[in-house]
Amino acid sequence: MKFLIAACLVSVVYGQIPIPTREVGYVYKNGSDSAPVHLDAFLDLICPYSKQALPTLMQVADMYGPTQLQLTVHLFPLPYHRNSFYATKGARAISSLTQGNLTFDWINLVYKNMPALVNSATHQFSEDQMKTKFSNLASKLGLYPELFIPLLDDPHIEEDTRVAWKYACTRGVAGTPTFMVNDVLVGGSPAWTAAQWKQLIDSVLHPSKTRQTFKSHRLSACAPNTKRCEYLPGKIECCTSGEACIPNVGCRC
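What counts as what
- Residues numbered from 1 in each chain as written.
- Predicted model: local features only at pLDDT ≥ 70, side-chain atom pairs only at ≥ 80, totals over all residues.
- Heavy atoms only, no water.
- Disulfide = S-S within 2.5 Å.
- Helix = DSSP H or I, 4+ residues; strand = E, 2+ residues; numbered from the N terminus.
- Buried < 20%, exposed > 50% of the residue type's maximum accessible area, 1.4 Å probe, protein only.
- Pairing = 2+ DSSP bridges.

Draft legend 1. Structural detail: the state of the cysteines. Evaluated as defined, the whole model comprises three disulfides. With a sulfur-sulfur separation of 2.1 Å, Cys 229 is cross-linked through a disulfide to Cys 245. The S-S bond linking Cys 229 to Cys 245 shows a torsion near 80°; that makes this disulfide right-handed. On the criterion of sequence distance, the pair formed by Cys 229 in strand β6 (residues 227–232) and Cys 245 in strand β8 (residues 244–246) is long-range, its members being 16 residues apart. Classification of Cys 245 by relative accessible area gives buried; the value is 1%. With cysteine numbering restricted to those in disulfides and following the sequence, the chain has the pairing 1-3, 2-5, 4-6.

Structure (structure tokens):
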């Protein structure tokens, strides 16, 4: 028994990650820490679904404004997207060089040029080739190669990128895009429109009003004496008597 307890304690110690030297993620347009809604998106810079999701997320953040909603993007390079790790280190380098002012410009620029950054069956980019490609992108933001390229191999940039990835893993992130609202996982889709995100976010800002609205409509597919519950855009359950329609959850007593 003592050996078992000791083994468990060792597992806990070695399962910890380093404390980040900076707050993880990149906040969009100075979203306020005191905003009632915090929307976190975990994205991969070589993921087409992440690319699809980001413009709508930024549109939603602009719609609510920084005092109502804080959008934070966390870059989570998937291991099978080999060049994504360099793109993510590039984002950290851009943030360091511009005090965060051009980070989202970099993210959008990488997405715009994503087809040219993906390895194919017929061509695999070397590390030097990838550094050159990303340096050429950085130059479009007015950054000189002699400043940008060394940061791709900087040990602090490397460590920050790794720690941010490990942090995402501790939150249960395993794929991209992954969304959280106020630190709770949300089964959102990269294809959601701004109106669909608004439906969810308004349920957080105005919970009483939203619950009453959500459970007031009947669905033809539901059995008699049950009520329609669209707990997420396009996701529906049928609530029985005594159950409440809870956004992001469904029918619960």
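Draft legend 2. Summary view of helix α4 (residues 103–112). Of all 10 residues in α4, seven are buried; the element is thus mostly enclosed. For α4, the complete set of buried residues consists of Thr 103, Phe 104, Trp 106, Ile 107, Leu 109, Val 110 and Tyr 111.

Draft legend 3. Expanded view of the sheet that holds strand β1 (residues 26–27). Read across the open sheet, the five strands follow the order β1-β3-β2-β4-β5; overall the sheet is mixed. This sheet does not close on itself; its edge strands, each paired only once, are β1 and β5 (184–186).

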